[in-house]
Amino acid sequence: MNIEDIYKKFDKIGCLTFATIDKGTPQTRIAHLFAYDHEGLYFRTMITKPFYEQLSKTKKASICGMYPKTSVSYNWEGMPYFPPGYTIRATGNVREIPFDVLKEKSVADEMFLLGVKDIEKYPAMTTFCLYEAWGEVYDFDYEMEHRSHKLLREGFSFGGALIPFRGVRITDACISCGKCQAGCSFKAISQHEGKFVIDHTRCDACGDCYMVCPAGAIEIVAGDPNS
Ligand code: SF4
Ligand code: SF4
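Residues numbered from 1 in each chain as written. Chains lettered and ligands numbered in written order. Predicted model: local features only at pLDDT ≥ 70, side-chain atom pairs only at ≥ 80, totals over all residues.

Enquirer: Pulling in residues and values, what's your account of the overall build of the chain?
Expert: When its secondary structure is counted, the chain shows 6 helices and 14 strands. Expressed along its principal axes, the backbone C-alpha trace of the chain runs to roughly 65 × 40 × 35 Å. By the burial criterion, 26% of the 227 residues in the chain qualify as buried. Partitioning the contacts of the chain with sequence separation of at least 6, the portion at a separation of at least 24 is 66%. (Helix = DSSP H or I, 4+ residues; strand = E, 2+ residues; numbered from the N terminus. Buried ≥ 20, exposed ≤ 12 C-beta atoms within 10 Å, placed from the backbone. Contact = placed C-beta atoms within 7 Å.)

Listed below in structure tokens is the structure:
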């Protein structure tokens, strides 16, 4: 995915949750992205807000949203039902963009004009760019209404960030009993040349395979190579 694809996924949602850290405590608020270019994704806040202080101090932010519906309905079993859609998130480093730089960008690309007009209207407004980030599109169809498996996950990064691997994987301790494959409702496990492997684009890291494996061959991997 390139930066345009990423922006369009976020823009289709509109209002997004932005997370920051304030003295070690997570903080969230709703905002939106208004532009993108080869340098990153752009959003605005006001210098009088805690959001600004947190962004300025930590120079980090995380964004996420969900399409097409955020309300929860229930199926015939009384279980949550989500119509097919996607979530998207991006986490990384931000920097403030001076107003004269924003004006220069608006000459080359009118998408930035909105930011210029808004700052002229509200002088305490300023712009930030998420310039180095990794993230993921988590495309879900839990009831398999349009395809034969529940998930399609696609990682992305820009600005030089690395995409971390998090989830589960099968180690050499596997005795090829097949219990994990039989128990995976995400159809993420298959057998190739006698070895069981996980397709991480389909895996939800739900842990069902981890719980049934008799050989302790499922390893949980956590970690962020960017930190
Ligand atoms: S359940 Fe464990 S031992 Fe059995 S095939 Fe899966 S990973 Fe291998
Ligand atoms: S963690 Fe869940 S989705 Fe992933 S392979 Fe195991 S059972 Fe399947």
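Enquirer: Report on the site of ligand 2, specifying residues and quantitative values.
Expert: In the region of ligand 2, 13 residues are neighbours, and Cys 184, Phe 186, Cys 203, Cys 206 and Cys 209 sit closest. Of the residues assigned to the shell around ligand 2, the class counts are 10 nonpolar, 1 polar and 2 charged. (Near = placed C-beta within 6 Å. Nonpolar A, V, L, I, M, F, W, Y, C, P; charged D, E, K, R; others polar.)

Enquirer: So what's going on with the site of ligand 1? Residues and values would help.
Expert: In the vicinity of ligand 1, 14 residues are found, and the nearest of them are Cys 174, Cys 177, Cys 180, Cys 213 and Ala 215. In terms of residue class, the shell around ligand 1 is built from 11 nonpolar, 2 polar and 1 charged.

Enquirer: Describe the domain arrangement of the chain, and please don't skip the residues or the numbers.
Expert: Many authors give the size of an interface as the accessible area that is lost as the parts come together. Taken domain by domain, the chain comprises domain 1 (3–161) and domain 2 (168–221). Measuring from the centre of the C-alpha atoms in domain 1 to the corresponding centre in domain 2 gives 33 Å. Domain 1 puts 7 residues into the contact, and the matching count from domain 2 is 6 residues. In the side of domain 1 that touches domain 2, the residues fall into 2 nonpolar, 2 polar and 3 charged. (Domains from an automatic or database assignment.)

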